[in-house]
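Listed below, chain by chain, are the residues.
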Amino acid sequence: MSVLSRLFSRKDPREIARVAYDRIIAMGRDPYWYLDGKVEDSVDGRFEAVTMVLAAVLLRLEHDDTDPQVRQFSVFLAELFVDDMDGQLRQNGVGDLVVGKHIGKMMSALGGRLGAYREALASGNGDQLAQALRRNLYRDAPVDDAAVTATADHLAQLYARLRVLPATTIMQGSF
């Protein structure tokens, strides 16, 4: 859909992904990540937790990406993420001139997380997932092994639940 079509359209087609996106945000803000997982409760920590959950959902949807509706839905999720992060940056006082640069970095981070978590979750190797989490979620900050293990187990369980759900269920935000 072109930019002009979106501007003059009455309904944003991305809204079909809103319920699922809101569920991703709620899951990324789950106190579990911050209490048991010891994710830093900061703007960066919350960004990483939300990105981690979004990555798990997008990775699950990749298994059905031959379906054009699923593929488009994944794009809509990513676009809602960009819009949300744009709004968060502006709310935190980042000026118009540098918002695009920050968004580019965030999208690059999402792409990196997708790659790291894709391999780690597909392998089923807890150590590989723990290493990916240390690099990405914790940004190589010191964190105790029990917290990383708790986070890795929780993320692996989330991904396992997502894997058995039909894409349509995920698209409805029921996960």
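Predicted model only: the values in this text are computed from it and were never measured.

Cut-off values and rules
Residues numbered from 1 in each chain as written. Predicted model: local features only at pLDDT ≥ 70, side-chain atom pairs only at ≥ 80, totals over all residues. Heavy atoms only, no water. Helix = DSSP H or I, 4+ residues; strand = E, 2+ residues; numbered from the N terminus. Buried < 20%, exposed > 50% of the residue type's maximum accessible area, 1.4 Å probe, protein only. Areas by Shrake-Rupley, 256 points an atom, 1.4 Å probe, with all protein chains shown as cover. 1 Å grid on protein atoms, 1.4 Å probe; cavity = no way out; pocket = protein on both sides within 12 Å on 5 of 7 lines; lining within 4 Å. Points joined across faces, edges and corners; volume = space filled by probe spheres on them. Nonpolar A, V, L, I, M, F, W, Y, C, P; charged D, E, K, R; others polar. Core = buried A, V, L, I, M, F, W, Y, C linked by side-chain atoms within 4.5 Å. Contact = heavy atoms within 4.5 Å. Phe/Tyr/Trp six-rings, centres within 6.5 Å; stacked < 30°, edge-to-face > 60°.

**Considering the overall build of the chain**
At step 1: Assigned secondary structure in the chain consists of nine helices and zero strands.
At step 2: Going from the N terminus to the C terminus, the chain shows its helices and strands as α-α-α-α-α-α-α-α-α.
At step 3: By the burial criterion, 42% of the 175 residues in the chain qualify as buried.
At step 4: Total accessible area on the chain is roughly 9500 Å²; 53% of this is exposed by carbon and sulfur atoms.

**Regarding the layout of surface pockets**
At step 1: Estimated volume of the second largest pocket: approximately 160 Å³.
At step 2: Lining the second largest pocket are K38, V39, E40, D44, G45, E48, L137, Y138, R139, A141, P142 and V143.
At step 3: For the lining of the second largest pocket, the residue count by class is six nonpolar, one polar and five charged.

**Some words on the nonpolar core**
At step 1: If you look at the biggest cluster of nonpolar residues, it comprises 55 residues, and the most contacted ones within it are L77, Y117, L133 and L155.
At step 2: Put simply, the parts of the chain that give this core at least two residues each are α2 (18-28), α3 (31-35), α4 (43-62), α5 (68-91), α6 (96-123), α7 (126-136), α8 (145-164) and α9 (167-171).
At step 3: Every residue in contact with L155, bar those within four places of it in the chain, is listed here: W33, M52, A56, L121, L129 and L133.

**With respect to the packing of aromatic side chains**
At step 1: Using the criterion set out here, one finds two aromatic pairs in the structure.
At step 2: An angle of 85 degrees between the planes, with centres 5.9 Å apart, marks the rings of Y32 and W33 as edge-to-face.
At step 3: Judged by relative accessible area, Y32 falls into the partly exposed class, the value being 23%.
At step 4: When the ring of F47 is compared with that of F81, the centres are 5.9 Å apart and the planes differ by 35 degrees; the resulting orientation is tilted. Of the two residues, F47 sits in helix α4 while F81 sits in helix α5, which places them 34 residues apart along the sequence. In this pair, the class of F47 matches that of F81, namely buried.

Note that all results are geometric; they support no functional claim without further evidence.
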